[in-house]
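Next come the chains, spelled out residue by residue.
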Amino acid sequence: MSSCPRHHVDPFGSAYLADPYPIYATLRAEQPIYYDATLGYWVLSRYADIKAVLKDHERFSSRNATDPFTPVSDETRRVFQQGGYAMQRVLLNADAPTHTRIRRHVYAAFTPRRVAALEPRIRQLCHAFLDQLATQPAPVDIIADMIYALPAQVIFLLIGMEHDEVPAIKAGSESRVLFTWGKPTAAQQVELAREMVDFWQRVVAFVDRRVREPRDDFTSDLIRQRAGDDSVLSMAEITSVVFGLLLAGHETTTGLLGNAVRRLLGEPHRWQHLAQHPDALPGVIEELLRFDTSVIAMRRHATCAVTIAGVTIPADANVLLLIGAANRDALHFDDGQAFAPDRANNREHLSFGFGVHYCLGAPLARLEARVVLQELIQRFPHARLVADQVLDYLPNTSFRGPRRLLVHLQ
Ligand code: HEM
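### What about the coordination of the iron atom of the ligand?
Just one protein atom coordinates the iron atom of the ligand, and that atom is Cys359 (SG), at 2.3 Å. Relative to the elements of secondary structure, Cys359 occurs in the loop between helix 17 (323-326) and helix 18 (362-379).

Printed below as a string of C-alpha cells:
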C-alpha cells in the first residue's frame, strides 16, 4: 500500500485541474490510502474510508481545514497584523466545543423560513440576468455573464450585505481560495494576503453597520442572539462567520452551476428533456452533485493513530479526503463513472460532507440549483456548447468549476 506509492497526486497540476476523475479511478483501485510525501498528506479516495473519517470527528479534527499549503511568511503575517485581520476558528476549521456552540447559533439564524423566502428573489435575479443575456451577441460566457455573480447576490440577500460590495467580495474570496487551498509563491502569498485584508475589513465594516442599524437579516439575527455577551458569540466570531459564508455561500454554488450547465449541454438531449420535464430537476441535481461536485476535497488532522481499512494513519498526520473520488466509487455507486440521474442512491453522495460539519447551506444550494437551471433551460431550450473549448479551473485543491463557459443560447 502506502509506504512506496506508485502514483502521486499533484492537485495543482494541469492534468488534475482539467479532469481529476481518471486519476481518482487509479487511486481508488491501486492505492486508496497512501502517504503523499510531496503534499505531506495522507490521501484517501474510497467512499467507505472517507465517510468513516468524516463520522469520526473526535479522532479526526477539522483544525487544519483552512491551513495554507504554502507556509505563512513573516511578511504575510505583518500584512495581516497591520490590516487587523482576526479570523477566528468558528465552523469549518473548528472542533467541539467551540464548533458546537457557534453552529447552534448559526443554525438558528439560517432558518428554513429565511431560505424559502429567497426563492422568489432568486427567480427575479435570474430573470434580470436572462433578459440581459438575450440581448448579447453569441456566444455568451455563461459564467462571466450570469453564474459568477448570481450566487453571490443570493447570499448577500441572506446575510443582508449591500449589493454594491459584490465585485470586491468576489475578488476577495477568490484570493482567499488561492491563499488557503492553492499553492502561491511567497511573493504571491503576500499580495493575496493584502486582498484578504481588504475583504476582511469590508466584512468588519458591514457587521458594524448592522450593529448600529439592525434589520431582518442573518447577520442582525446573530447580533441579537449575542445580546452583548461574548460567551454566547463574540463580535470577532460573528465577523468570522460572515467572512466564511461570503466564500462558502457562492464559490461552491457558482462551481456547481458551471459544472451542471457544462454537463447537461454536453449531452443536449438531457437539457431538452428537462425543458419538457422540469419536475425531473431535483433528481438530476443530486446526480450532478454526485458526479461533478464543486467541492472535490476536504481536510482533517488525525489526533491519534487510527487504522482504516487495514492502514494505520499516524497521530498528528494531515489527511486529504478526495470527495470527488468517493462520489464515483463503484463499491458504493453501481457503475459510478456513469452519469445516471435515475440511480436509486445518488443522494448518498458526500458532496455536502457528512456528520457534524455537514454543509449548512445544502438546502440553499439545492434551491438555487433548481431555480437557476429551471429558468435557464426554459428560456433557452436549444442552448448548445461552443465546440472544442478548453476549460480553465482555479488552481486549488478544493473548489472546482469552469471559469469560462461559452454557450450559444439560441
Ligand atoms: C453546491 C454547493 C455547496 C457545496 C458542494 C458545499 C460543500 C460543503 C462541504 C463538503 C462542507 C463540509 C466541510 C467539511 O466537513 O470539512 C460544507 C460545509 C459548510 N458549508 Fe457548504 N457547500 C455548498 C454550498 C454552501 C452554501 C450555499 C453555504 C451558505 C449559504 C454553505 C455553507 C457552509 C458552511 C457554513 C459549512 C461549515 C459547516 C460546519 O463546519 O459546521 N455551503 N459545505
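Here the narrative resumes, following the displayed structure.
### Considering the nonpolar core
The biggest cluster of nonpolar side chains holds 87 residues, and the ones touching the most others in it are Ile142, Met146 and Phe218. Once residues lying within four places of it in the same chain are set aside, the contact partners of Ile142 are Leu133, Ile147, Val261, Leu376, Leu405, Val407 and Leu409.

### Brief notes about the sheet that holds strand 4 (residues 140-141)
Hydrogen bonds between backbone atoms are what pair the strands of a sheet, whose relative direction is either parallel or antiparallel. Within the open sheet, the three strands sit side by side as 4-10-9. Their pairing is antiparallel. Both edges of this open sheet fall to strand 4 and strand 9 (384-385), since each of them pairs with a single strand only. Note: strand 9 against strand 10 (residues 406-408), two bridges, orientation antiparallel. Among the inter-strand pairings, Arg384 is bridged to a residue of strand 10, identified as His408.

### So, the environment of Leu158
Its place among the elements puts Leu158 in helix 9 (residues 150-159). For Leu158 and His408, which are 250 residues apart along the polypeptide, the C-alpha to C-alpha distance reads 32 Å.

### A few points about the site of the ligand
Around the ligand there are 27 residues in total, and His99, Arg103, Arg300, His357 and Cys359 lie nearest to it. His99 has a polar side-chain atom sitting 2.7 Å from an oxygen atom of the ligand. One nitrogen or oxygen atom from the side chain of His357 is found 2.7 Å from an oxygen atom belonging to the ligand. Only helix 5 (98-109), helix 13 (235-248), helix 14 (251-266), strand 5 (297-302) and helix 18 provide two or more residues apiece to the shell around the ligand. Of the residues forming the shell around the ligand, the biggest block, three residues, is contributed by helix 14. Of the residues belonging to the shell around the ligand, the class tally is 15 nonpolar, 10 polar and two charged.

### Topic: the pattern of salt bridges
Here the structure, examined in full by the defined rule, presents 30 salt bridges. As a salt-bridge pair, Arg366 and Glu286 come within 2.6 Å of each other at their nearest N and O atoms. Of this pair, Arg366 sits in helix 18 while Glu286 sits in helix 16 (residues 281-291), and the two are 80 residues apart along the sequence. Pair check on accessibility: Arg366 and Glu286 agree, each one buried. The partner of Arg400 in a salt bridge is Asp292, and the shortest N-O contact between them spans 3.6 Å. Remark: Asp292 occurs in the loop between helix 16 and strand 5 and Arg400 occurs in the loop between strand 9 and strand 10; sequence separation between them is 108 residues. Judged by its relative accessible area of 6%, Arg400 is buried.

### A short note on the domain arrangement of the protein
You'll often see interface size given as the accessible area lost when the parts meet. Assigned domains within the protein: domain 1 (1-61 + 296-350) and domain 2 (71-281 + 360-408). On a C-alpha basis, the centres of domain 1 and domain 2 stand 25 Å from each other. For the pair domain 1 and domain 2, the summed buried area comes to about 1,400 Å², and 54% of that belongs to carbon and sulfur atoms. It is Phe12, Leu17 and Phe339 in domain 1 that bury the most area against domain 2; as a group they hold 41% of the surface buried on that side. Taken together, the links from domain 1 to domain 2 amount to zero salt bridges. Connecting domain 1 to domain 2 are seven residue pairs in polar contact (both at pLDDT 80 or more). Elements supplying a minimum of two residues to the side of domain 1 that touches domain 2: helix 1 (14-18) and strand 5.

Each value, and the rule that gives it
- As a convention, each chain's residues are numbered from 1 in the sequence order in which they are written.
- Given that this is a predicted model, residues contribute local features only at a pLDDT of at least 70 and side-chain atom pairs are listed and counted only at 80 or more, while totals for whole chains, interfaces and linings are drawn from all residues.
- Heavy atoms throughout the structure, all of them, feed into the side-chain values; hydrogens and water do not.
- Metal sites are built from N, O and S donor atoms within 2.8 Å, or 3.2 Å for Na, K and Ca, and they leave out water, so they may look incomplete.
- Put simply, DSSP H or I for four residues or longer makes a helix, DSSP E for two residues or longer makes a strand, and each gets a number counted from the N terminus.
- Buried Ala, Val, Leu, Ile, Met, Phe, Trp, Tyr and Cys residues form a nonpolar core when they are joined through side-chain atoms within 4.5 Å.
- Only protein chains enter the accessibility calculation, which uses a 1.4 Å probe; a residue is then buried when its area is under 20% of its type maximum, exposed when over 50%, and partly exposed in between.
- Any two residues having at least one pair of non-hydrogen atoms within 4.5 Å are treated as being in contact.
- The rule for pairing is simple: two strands pair if DSSP sees at least two bridges between them.
- Near is defined per residue: the residue qualifies when any heavy atom it owns lies within 4 Å of the molecule or strand.
- Two N or O atoms count as a polar contact when they lie within 3.5 Å, although within protein this holds only if one can serve as hydrogen donor and the other as acceptor, and sequence-adjacent residues are included solely when both atoms are side-chain atoms.
- Basically, the charged four are Asp, Glu, Lys and Arg, the nonpolar ten are Ala, Val, Leu, Ile, Met, Phe, Trp, Tyr, Cys and Pro, and anything else, Gly included, counts as polar.
- For salt bridges, the criterion is a side-chain nitrogen of Lys or Arg within 4 Å of an Asp or Glu carboxyl oxygen.
- Just so you know, the domain bounds were taken from an automatic or database domain assignment.
- What gets called buried area is simply the loss in accessible area from a 1.4 Å probe that two parts show on being joined, summed for both.

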